[in-house]
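# Structural overview for review
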Amino acid sequence: MARSAPGRWRRLGGLLTGAVLATAAVAAQSFAFSRDDYSGPLTWTGGLGETVTASRISVRAEGVHAARAIEAGTSPGTSSGTGQRATTKGIFLVVDLAATSTRVPQRIAPPVLLTESGRRYAATDKVNGDLTITGPFIQWGWWVRKAAVFEVPPAELAGARIVVHPQEGNGGLIEPSAPEVEIDLGLDEAAAARLVSTAKDVHTLAGKP
Amino acid sequence: MSGERRAFPDRQVWPPVAREDSGGASTQPFPAVRSAPLPRSAPPPGPLEIPGTARGDLPASPAPAGRPARTALRVTAAVLALAVAVAVPTWDGYMTYKDARPDDRVHTFAAGRTATFQHVSWKVAVEESDGLPGDRPLEPDRRWLRIRLTRTALDPEGVIRRGIPDVEVRHPDGRSWMAQITEDDVPLTAAEHRVGTPYHYDVLSLVPRALAREVSVCVRPSSFRTIENESFEDSMKRTARESELNDNVLCFRR
């Protein structure tokens, strides 16, 4: 009787430890990466005017404008002449970007505007993509300066960030941990309101149509 | 066969008849041990002596150090298991990546040399230029490379391998620049394509001025074989059978 009491306590302790370990193992699964986390991009962040160097590209946001209409060359689907004008019920946000590659030629995929509310806006297809940052090849040795154009409701501008990433390689695989650059455009409520109130009627994209 | 049936007398087989010479009537194969049972969980009398092991070789006496030694063993095993759990999926993922993108096999040649690869000989001539006719002037930090790529089929198989090559400009440290074929005089049909006759691709590339002398022109010959008058089914079967990788690159230094 005197010997069995500590043995029983020890067994109870062992069972408790096992139960705690099992619970911890189950709870740890809630911290496990989801499929999206595994295949998601690696993000380099920065502010307006800063050069952000990701693994494959360097990007700098040099300026932010707003406009009611965009004048550009012909968009690929249309056969009309130059000077085509794109209009919106919201507002056009034009981000002047400079980009260069760190090693091999890259092309920039259509950028994304990430808003404070968590929504994602793709670059507009109302302007010819060749005139925006998605057009030219980005190569080592010089900076390519082109704009990214988004069509957004004016209320979404405050706190917006731009996400720029290179196009995927043609390896046939979906690449995990692809690089992307996220730049905070530095638009607080006041700056966003000022941007909307001083929006130009027409912004013309430079470059050959 | 035998003409007469033999008769045997009856004999008792079960239960077995007790025999005088055996120890008993038991059918057990082993005799039970008839002695007092050993004490069940007697504490070990002392450190185990393994025959053939000199005790002086062991650094510590095992009895008090047994628990820490086992803890150390468990920690080591846990660390090793973690390392393997991380390393195996990583290695597997890397192998999948490498299977999809095999490393290039780069063959390097001196400037002006002729490279012979897969029944075709290749030659590269590079000319630097500050501007192109009819184009706006170039920024001062860049330079055009006008590349003239010459291909000569050495035999009929070389004519079959007349796919458009990929051209790229590379620096030895791994940086590279686009090169685009602007014009070519390679005949489309095998009938016009003559063995031994040089045909050309005109290629244009924009590179940083400072590196214009250091870069090399890299040509990736196409492994595509164009056989004329071959039915579609035959060509599909042949392509599946050949499965030649496009991983050979001929680099011509400047």
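Quick note: structure is the one above.
The paragraphs below set out a description of the structure included in this document. (Residues numbered from 1 in each chain as written. Chains lettered and ligands numbered in written order. Predicted model: local features only at pLDDT ≥ 70, side-chain atom pairs only at ≥ 80, totals over all residues. Heavy atoms only, no water.)

## Re the overall build of chain B
- Helix and strand counts for chain B stand at 3 helices and 9 strands.
- For chain B, the succession of helices and strands along the chain, N to C, is α-β-β-β-β-α-β-β-β-β-α-β.
- Buried positions account for 26% of the 254 residues belonging to chain B.
- When contacts within chain B are restricted to residue pairs at least 6 apart in sequence, those whose partners lie at least 24 apart make up 71%. (Helix = DSSP H or I, 4+ residues; strand = E, 2+ residues; numbered from the N terminus. Buried < 20%, exposed > 50% of the residue type's maximum accessible area, 1.4 Å probe, protein only. Contact = heavy atoms within 4.5 Å.)

## Concerning the pairing of strand S6 (residues 176-184) of chain B
Residues and elements named next belong to chain B.
- Pairing geometry for strand S5 (residues 166-170) and S6, over 3 bridges, is antiparallel. The partner of valine 169 across the bridge, within S6, is tryptophan 177.
- With antiparallel pairing between neighbouring strands as the criterion, S5 and S6 make up a hairpin whose turn holds 5 residues, including glycine 174 at a positive phi of roughly 105°.
- Bridge count between S6 and strand S7 (residues 198-208): 5 bridges; the pairing is antiparallel. (Pairing = 2+ DSSP bridges.)

## Thoughts on the sheet that holds strand S9 (residues 179-184) of chain A
Residues and elements named next belong to chain A.
- The sheet built from 5 strands is open, its strands ordered S1-S9-S8-S5-S6 with mixed pairing. On the outer flanks of this sheet lie strand S1 (42-47) and strand S6 (120-122), each paired with one strand and no other. Each strand axis lies, on average, 25° off the axis of its neighbour in the sheet, ignoring direction.
- Relative to S9, strand S8 (residues 161-164) is paired through 4 bridges, and the arrangement is antiparallel. Paired with isoleucine 162 across the two strands is isoleucine 183, which belongs to S9. (Axes fitted to C-alpha atoms, helices over the stretch in contact; angles between N-to-C directions.)

## Notes on the interface of chain B and chain A
- Across the boundary between the two partners, chain B contributes 16 residues, which contact 11 residues of chain A.
- Each partner contributes to the roughly 1,300 Å² buried at the junction of chain B and chain A, and carbon and sulfur atoms together form 60% of this total.
- A per-residue breakdown of the area chain B buries against chain A is headed by Arg101(B), Arg175(B) and Met178(B), which together make up 37% of the total.
- Inspection of the region where chain B meets chain A yields 0 salt bridges.
- Applying the counting rule to chain B against chain A returns 3 residue pairs in polar contact (both at pLDDT 80 or more). (Buried area = accessible area lost by both parts, 1.4 Å probe. Salt bridge = Lys/Arg side-chain N within 4 Å of Asp/Glu carboxyl O. Polar contact = N/O pair within 3.5 Å; in protein donor to acceptor, adjacent residues only side chain to side chain.)

## Here's the deal with the environment of Pro154(A)
All names here are of chain A.
- Counting through the fold element by element, proline 154 comes out in the loop between strand S7 (144-152) and S8.
- On the accessibility criterion, proline 154 (34% relative accessible area) is partly exposed.
- Sequence separation of proline 154 and phenylalanine 92 is 62 residues, and the distance between their C-alpha atoms is 8.7 Å.
- Setting aside its immediate chain neighbours within four residues, proline 154 contacts Gly90, Ile91 and Val196.

## Regarding unusual backbone geometry
Residues and elements named next belong to chain B.
- A cis amide bond links tryptophan 14 to the next residue, proline 15, at an omega of -10°.
- Within the secondary structure, proline 15 is located in the segment before helix H1 (62-100).
- Unlike most non-glycine residues, glutamine 118 shows phi in positive territory, near 50°.
- Along the chain, glutamine 118 falls in the loop between strand S2 (114-117) and strand S3 (120-129).
- Residues other than glycine seldom take positive phi values, yet histidine 119 does so here, at roughly 70°.
- Tracing the backbone through its elements, the reader meets histidine 119 in the loop between S2 and S3.

## Side note on the pattern of salt bridges
All names here are of chain A.
- Tallied over the full model, the rule gives 26 salt bridges over all chains.
- Residue glutamate 156 pairs with arginine 119 through a salt bridge whose shortest N-O separation is 3.1 Å. Of this pair, glutamate 156 sits in the loop between S7 and S8 while arginine 119 sits in the loop between strand S5 (112-114) and S6, placing them 37 residues apart in sequence.

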